[in-house]
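Spelled out from the first residue to the last, the chains are:
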Amino acid sequence: MENIAQKHTTADEISPLTLAFVGDGVYDLLVREYLVNQANRPVGELNRIKVSLVNCKSQARFAKLLLPSLNDKETSVYKRGRNATPKCTSKHGTVADYHSATGLECLFGYLHMNGEQSRIKELFNLIVHIAFEEND
């Protein structure tokens, strides 16, 4: 997914919650593409699986497991997102999970806005490994 927006600001100048807004869409699309490429399933089943991966509890778990793989800048971006103060919280998760998930989304938004698609794919592949291959 290429960043088609013209760059008027650098990703470092964008607020962490705005980066999380972008990262939420990037992450959601990655999950959807992954699931569709795995098997031709009914839409209801695809959505059920997607929801199990795109929720604050799962994203918080993935963020915790990804942290050792992040470089210093990525860790800093994750922490900016995690420590941001959102105006709302999740109905289906803890406040801590919501903050960690926001950090993960912030990281994906930051990488996307910087055009670091290969790093996004690398991190997403780690998430896929955590989510699916550990259960085999």
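Residues numbered from 1 in each chain as written. Predicted model: local features only at pLDDT ≥ 70, side-chain atom pairs only at ≥ 80, totals over all residues. Heavy atoms only, no water.

1. Focus: the overall build of the protein chain
Put simply, the rule reads: Helix and strand assignments come from DSSP, with helices taken as H or I runs of at least 4 residues and strands as E runs of at least 2, each series counted from the N terminus. Residue exposure (1.4 Å probe, protein chains only): buried if accessible area is under 20% of the type maximum, exposed if over 50%, otherwise partly exposed. A contact between two residues is defined here by any heavy atoms of the two lying within 4.5 Å. Working definition of accessibility: Shrake-Rupley area with a 1.4 Å probe, residue cover restricted to the visible protein chains.
For the protein chain, the count of helices and strands is six helices and zero strands. Seen in sequence order, the protein chain has helices and strands lined up from the N terminus as α-α-α-α-α-α. Buried residues in the protein chain amount to 43% of all 136 residues. Sequence separation of at least 24 residues holds for 72% of the intrachain contacts in the protein chain that already meet a minimum separation of 6. Total accessible area computed for the protein chain in this model is approximately 8,100 Å², and 52% of it derives from carbon and sulfur atoms.

2. Thoughts on the pattern of salt bridges
The condition is simple: Counted as salt bridges are all cases of a side-chain nitrogen of Lys or Arg within 4 Å of a carboxyl oxygen of Asp or Glu.
Across all of its chains, the model carries six salt bridges by this definition. A salt bridge links Arg119 to Glu74; the shortest N-O distance between them is 2.7 Å. Here Arg119 is found in helix 6 (residues 117-132), whereas its partner Glu74 is found in helix 4 (residues 72-83), with 45 residues between them in sequence. Pair check on accessibility: Arg119 and Glu74 agree, each one buried.

3. Side note on empty space enclosed by the protein
We apply this condition: Using protein atoms alone on a 1 Å grid, points that fit a 1.4 Å probe yet trap it form a cavity, whereas open point sets bounded by protein on both sides within 12 Å along at least five of seven lines form a pocket; residues with an atom within 4 Å of a point count as lining. Grid points are joined across faces, edges and corners, and a volume is the space filled by probe spheres set on the points. As a working rule, the residues Ala, Val, Leu, Ile, Met, Phe, Trp, Tyr, Cys and Pro are called nonpolar, Asp, Glu, Lys and Arg charged, and the rest polar, with Gly in that last group.
For the structure on display, the rule yields one cavity of 30 Å³ or more. Quantified by volume, the largest cavity comes out at close to 40 Å³. Taken together, Tyr27, Val31, Tyr34, Leu53, Phe124, Ile127, Val128, Ala131 and Phe132 form the lining of the largest cavity. The set of elements that each furnish at least two residues to the lining of the largest cavity consists of helix 1 (16-38) and helix 6. With five residues, the single largest contributor to the lining of the largest cavity is helix 6. In the lining of the largest cavity, the residues fall into nine nonpolar, no polar and no charged.

4. A word on the side chain of Glu105
Applied cut-off: His is not counted, nor are the chain ends; Lys and Arg add positive charge and Asp and Glu add negative charge.
Locating Glu105 in the fold gives a position in helix 5 (residues 95-113). Here Glu105 is buried and forms no salt bridge, its nearest opposite-charge partner Lys50 lying at an N-O distance of 10 Å. Every residue in contact with Glu105, bar those within four places of it in the chain, is listed here: Leu19, Ala20, Gly23, Asp24 and Gln59.

5. Things to note about the nonpolar core
Going by this rule: To define a nonpolar core, start from buried Ala, Val, Leu, Ile, Met, Phe, Trp, Tyr and Cys residues and group those joined through side-chain atoms within 4.5 Å.
In terms of nonpolar packing, the biggest core is built from 33 residues, with Tyr27, Phe62, Phe108 and Phe124 touching the most fellow members. Elements with a contribution of two residues or more to this core: helix 1, helix 2 (43-53), helix 3 (56-66), helix 4, helix 5 and helix 6. With eight residues, the top contributor of residues to this core is helix 1. Residues in contact with Phe62, not counting those within four places in the same chain, are Tyr27, Leu53, Leu104, Ile127, Ile130 and Ala131.

6. Considering the packing of helix 3 against helix 5
This is how the line gets drawn: Here an axis means a line fitted to C-alpha atoms, over the contact stretch when the element is a helix, while the angle between two N-to-C directions is reported on a 0 to 180 degree scale. Handedness of each helix crossing follows the sense of rotation of the near helix against the far helix: counterclockwise by less than a right angle gives left-handed, clockwise gives right-handed.
Two elements in contact, helix 3 and helix 5, have axes whose closest approach is 7 Å; the angle formed by their N-to-C orientations is 65°. Between helix 3 and helix 5 the crossing geometry is left-handed. Here Cys56, Lys57, Gln59, Ala60, Phe62, Ala63 and Leu66 of helix 3 come into contact with helix 5, specifically with Asp97, Tyr98, Ser100, Ala101, Leu104 and Glu105. Residue composition of the contact of helix 3 with helix 5, grouped by class: eight nonpolar, two polar and three charged.

7. Examining the layout of surface pockets
One number sums up the size of the second largest pocket: a volume of about 190 Å³. Lining the second largest pocket are ten residues; nearest its centre among them are Leu30, Glu33, Lys121, Phe124 and Asn125. Counting only elements with at least two residues in the lining of the second largest pocket, the list comes to helix 1 and helix 6. Among the elements that line the lining of the second largest pocket, the one with the most residues is helix 6, at five residues. For the lining of the second largest pocket, the class distribution of residues is five nonpolar, three polar and two charged.

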